[in-house]
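Examination of the molecular architecture
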Amino acid sequence: MSPLFSTDPPTNALVLSEQKRQRETLTLIASENYASPAVLEAAGTVYTNKYADGVPGHRDYPGCGPCDEIEELARQRLCALFGTEYANVQPYCGSIANSAVFLATLRPGDTLLSMSVEDGGHPTHGSPENLSGRLYPAVRYGVDPASGLIDEAEIAALAKKERPKMLICGASSYPRRIDFRAFAEIAGETGALCLADIAHVAGLIAAGVYPSPGGRIPLITTTTHKTLRGPRGGAVLCDATYAEAIDAAVYPGLQGGPLMHIIAAKAVCFAEAATAEFRGYADQVLTNATVLAKTLDGEGIGLATGGTDTHLMIADLEGIGLSGEEAERALEAAGICADRCPFPGRNEDYVRTSGIRFGTPAATSRGMGDEEMRAIGHLIATVLRKSGDPTTLAAVRAEVAALVSHMQRTTCVYLASLDGRT
Ligand SMILES: Cc1ncc(COP(=O)(O)O)c(C=O)c1O
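Criteria and thresholds
Residues numbered from 1 in each chain as written. Predicted model: local features only at pLDDT ≥ 70, side-chain atom pairs only at ≥ 80, totals over all residues. Heavy atoms only, no water. Helix = DSSP H or I, 4+ residues; strand = E, 2+ residues; numbered from the N terminus. Rg over C-alpha atoms; globule rule 2.2 N^0.38 Å. Buried < 20%, exposed > 50% of the residue type's maximum accessible area, 1.4 Å probe, protein only. Contact = heavy atoms within 4.5 Å. Areas by Shrake-Rupley, 256 points an atom, 1.4 Å probe, with all protein chains shown as cover. Lys, Arg positive; Asp, Glu negative; His and termini not counted. Charge placed at Lys NZ, Arg CZ, Asp CG, Glu CD. Salt bridge = Lys/Arg side-chain N within 4 Å of Asp/Glu carboxyl O. Axes fitted to C-alpha atoms, helices over the stretch in contact; angles between N-to-C directions. Left-handed = near helix turned anticlockwise from the far one by under 90°. Nonpolar A, V, L, I, M, F, W, Y, C, P; charged D, E, K, R; others polar. Domains from an automatic or database assignment. Buried area = accessible area lost by both parts, 1.4 Å probe. Polar contact = N/O pair within 3.5 Å; in protein donor to acceptor, adjacent residues only side chain to side chain. Phe/Tyr/Trp six-rings, centres within 6.5 Å; stacked < 30°, edge-to-face > 60°. Parallel < 35°, antiparallel > 145°, perpendicular 65-115°, else oblique. Near = heavy atom within 4 Å. Core = buried A, V, L, I, M, F, W, Y, C linked by side-chain atoms within 4.5 Å. Pairing = 2+ DSSP bridges. Expected span 1.5 Å × (residues − 1).

1. Some points on the overall build of the protein chain
Across its full length, the protein chain carries 16 helices and 14 strands. Relative to the globule expectation of 22 Å for 422 residues, the C-alpha radius of gyration of the protein chain, 22 Å, shows essentially globular dimensions. Once the C-alpha set of the protein chain is aligned to its principal axes, its extents read approximately 60 × 60 × 35 Å. The proportion of buried residues among the 422 residues of the protein chain is 55%. Considering only contacts in the protein chain between residues 6 or more positions apart, those separated by 24 or more positions represent 74%. A total of about 17,200 Å² of accessible surface is found on the protein chain, and carbon and sulfur atoms cover 53% of it. Each charge class in the protein chain can be summarised by its mean position, and for the 36 positive and 49 negative side chains these summaries are 1 Å apart.

Spelled out as structure tokens, the structure:
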């Protein structure tokens with residue numbers, strides 16, 4: 001009997017029910033993944049017991065020897081992975097990592113130039129509802145409504161006109177490569193600081209299958225749990241000149257004690273991301289996304305920008321006559337988790353969207369390849385066309401269950417960590 005079961009059966013039961021949900025359904029949420037058993041093990045270690053405010057070598061508490069070593073290991077591994085001079089691995093999440101950069105480099109009232117949420121940006125890049133937008137007024141750029149692509153010339157013109165203190169690139173829903181070099185040049189020409197938020201594509205960059213902002217853009221933020229496949233968390237990477245200011249912004253600026261157990265799990269994740277196996281994984285993530293996009297396209301489902309060269313794509317629901325919410329609900333009933341999003345270029349908010357986002361990182365971690373992606377594409381099309389038919393949704397749900405159970409038996413170790421638990 002597990003300690004959790006004997007101490008708290010209701011919580012144990014809910015952990016098992018979440019594991020069952022993850023097992024028996026198909027996750028196509030572009031920002032989710034399955035942490036490896038080694039990452040989960042590190043996240044569940046006794047480091048959770050320790051206070052270690054400060055940075056390695058300069059802590060506010062005694063007894064931080066092993067904390068110093070694990071944090072330094074994580075830090076160095078992260079710098080090596082992205083070719084940066086410095087990293088702070090303490091941010092609790094990607095949002096805090098972004099706030100830390102702002103706090104370290106801006107004053108309230110300084111302006112940001114960033115991608116609008118309606119076109120794929122993240123709220124922490126200056127949305128009015130987010131603290132970032134209250135402190136730092138944001139001028140927004142979007143995508144070209146016809147092509148769905150970022151228009152660097154338009155951003156350069158905006159930067160010249162508005163003279164922002166900081167230019168941000170990086171998105172939550174953009175299916176194409178971001179030209180980090182162009183952003184660095186625009187920032188250089190207009191005297192703006194430049195931040196690349198690589199939360200979504202960090203794993204692809206680490207694997208060398210997506211361009212890196214490292215060496216071009218002096219401030220980089222990331223999450224560690226999306227394509228990077230680590231524990232839930234964030235990090236800041238930067239040029240050495242920003243190191244002290246970033247450290248002070250994280251603690252005591254924004255956070256208290258670092259989550260040392262998560263930092264241990266980040267260290268594991270960064271080691272895993274440096275392997276040839278991970279490179280193969282990231283390659284397959286991209287191949288899978290291309291195959292899924294082509295299958296959807298072949299089914300007559302339009303995609304923002306016509307496809308993808310990342311891990312994600314945004315399907316157009318307008319022609320099908322469904323809202324994002326209706327599509328999300330029908331897919332969930334059929335055992336497929338994907339999240340609605342504004343369709344880029346249409347100025348939609350999250351209440352009424354005509355887009356739905358599909359991503360391949362989690363499915364690829366389960367060992368799925370081209371064949372499964374084709375099958376999934378056809379299943380998605382069936383659900384979207386017959387979303388009001390419970391018999392169809394139940395039939396697709398059975399097919400999804402068979403598909404994921406086959407993957408479970410064959411290759412996936414990522415959902416096995418709780419096996420044998422009662
Ligand atoms: C581009 C981008 N930046 C930052 C974040 C925030 O990360 P977190 O949810 O860890 O705060 C996200 C999350 O989805 C994101 O997509």
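Having seen it, we continue.
2. Considerations on the pattern of salt bridges
Within this structure, the stated rule accounts for 13 salt bridges. Notably, a salt bridge pairs glutamate 299 with arginine 385, separated by 3.3 Å at the nearest N-O pair. In this pair, glutamate 299 sits in the loop between helix 12 (276-298) and strand 11 (312-316) while arginine 385 sits in helix 15 (residues 370-385), placing the two residues 86 residues apart along the sequence. Where arginine 346 meets glutamate 318, a salt bridge forms, and the shortest distance between an N and an O atom there is 3.5 Å. Of the two residues, arginine 346 is situated in the loop between strand 13 (339-341) and strand 14 (355-359) and glutamate 318 in the loop between strand 11 and helix 13 (324-333); the sequence distance between them amounts to 28 residues.

3. Side note on the packing of helix 4 (residues 65-82) against helix 11 (residues 260-273)
Contact geometry for helix 4 and helix 11: axes closest at 9 Å, N-to-C directions at 35 degrees. For the element pair helix 4 and helix 11, the recorded crossing hand is left-handed. For the pair helix 4 and helix 11, the contacting residues are Cys67, Ile70, Glu71, Ala74, Arg77, Leu78 and Leu81 in the first and Met260, Ile263, Ala264, Ala267, Val268, Phe270, Ala271 and Ala273 in the second. Tallied by class, the residues present in the contact of helix 4 with helix 11 amount to 13 nonpolar, no polar and 2 charged.

4. Some points on the domain arrangement of the protein chain
On domain assignment, one finds that the protein chain holds domain 1 (40-273) and domain 2 (276-410). Counting residues at the interface gives 26 residues for domain 1, matched by 29 residues for domain 2. Across the interface of domain 1 and domain 2, roughly 2,200 Å² is buried in total on both sides, 60% from carbon and sulfur atoms. The interface formed by domain 1 and domain 2 includes 1 salt bridge. For arginine 176, the salt bridge identified is with aspartate 309, shortest N-O distance 3.4 Å. Seen at the junction of domain 1 and domain 2, the total is 11 residue pairs in polar contact (both at pLDDT 80 or more).

5. Brief notes about the packing of aromatic side chains
As enumerated under the stated definition, the model contains 5 aromatic pairs in all. Here tyrosine 141 and phenylalanine 183 contribute two aromatic rings whose centre-to-centre distance is 5.8 Å and whose plane-to-plane angle is 45 degrees, an arrangement assigned as tilted. Here tyrosine 141, found in strand 6 (residues 138-141), pairs with phenylalanine 183, found in helix 8 (residues 180-190); they are 42 residues apart in sequence, far enough to count as distant. Judged on exposure class, the residue tyrosine 141 and its partner phenylalanine 183 are both buried.

6. Focus: the packing of helix 13 against helix 15
At a minimum axis separation of 9 Å, helix 13 and helix 15 run at an interaxial angle of 120 degrees. In terms of orientation, helix 13 lies oblique with respect to helix 15. Like other packed secondary-structure pairs, helix 13 and helix 15 cross with a definite hand, here right-handed. Listed contacts from helix 15 to Ala327, Ala330 and Leu331 of helix 13 are Ile380, Val383 and Leu384. When grouped by side-chain class, the residues that make up the contact of helix 13 with helix 15 number 6 nonpolar, no polar and no charged.

7. Examining the site of the ligand
Taken together, 13 residues surround the ligand, and among them Gly94, Ser95, Ser172, Asp197 and Lys226 come closest. Separating a nitrogen atom of the ligand from a side-chain N or O atom of aspartate 197 is a distance of 2.6 Å. With the chains in place, 84% of the 390 Å² that the ligand exposes on its own is no longer accessible. The element contributing the most residues to the shell around the ligand is helix 5 (residues 94-105), with 3 residues.

8. Focus on the nonpolar core
In terms of nonpolar packing, the biggest core is built from 64 residues, with Phe82, Tyr141, Leu167, Phe180, Phe183 and Ile198 touching the most fellow members. Ranked by residues supplied to this core, first place goes to helix 11 with 8 residues. Split by domain, the residues of this core number at least three in each of domain 1 (40-273) and domain 2 (276-410). Beyond its immediate sequence surroundings of up to four residues, phenylalanine 82 is in contact with Ile198, Ala202, Ile205, Ala206, Ser212, Gly214 and Leu237. Of all hydrophobic cores here, the second largest spans 36 residues; its members include Leu303, Ile376, Ile380 and Val396.

9. Here's the deal with the sheet that holds strand 9 (residues 219-223)
Here we have 7 strands laid out as an open sheet, ordered 4-10-9-8-7-5-6, and mixed in their pairing. Two strands lie at the open edges of the sheet, namely strand 4 (86-88) and strand 6, each paired on one side alone. Recorded for the sheet is a direction-independent mean angle of 20 degrees between the axes of neighbouring strands. By the bridge criterion, 3 bridges tie strand 4 to strand 10 (residues 234-238) in an arrangement that is antiparallel. Paired with tyrosine 86 across the strands is cysteine 238, a residue of strand 10. Along the sheet, helix 4 makes contact with strand 4 and strand 10, crossing strand 4 at roughly 125 degrees. The strands that helix 8 touches are strand 6, strand 7 (166-169) and strand 8 (193-197); relative to strand 7, the one it contacts most, it runs at about 175 degrees.

10. What about the pairing of strand 10?
If a strand is regular, its side chains alternate between the two faces of the sheet. The element strand 10 is extensively covered by neighbouring structure, given that 5 of its 5 residues are classed as buried. Side chains Gly234, Val236 and Cys238 project from strand 10 onto one buried face, and the interleaved Ala235 and Leu237 project onto a second face that is buried too. Across 5 bridges, the pairing between strand 9 and strand 10 is antiparallel. Bridging from a neighbouring strand, leucine 219 pairs with cysteine 238 of strand 10.

11. Comments concerning helix 15
Taking 1.5 Å of rise per residue, the 16 residues of helix 15 would be expected to cover 22 Å, and the 23 Å separating its terminal C-alpha atoms lies within 8% of that figure. Within helix 15 the residues assigned to the buried category are Glu372, Met373, Ile376, Gly377, Leu379, Ile380, Ala381, Val383 and Leu384.

12. Regarding helix 5
The terminal C-alpha atoms of helix 5 lie 17 Å apart, and with 12 residues this matches the ideal 16 Å at 1.5 Å per residue to within 8%. Gly94, Ile96, Ala97, Asn98, Ala100, Val101, Phe102 and Thr105 are the residues of helix 5 that are buried.

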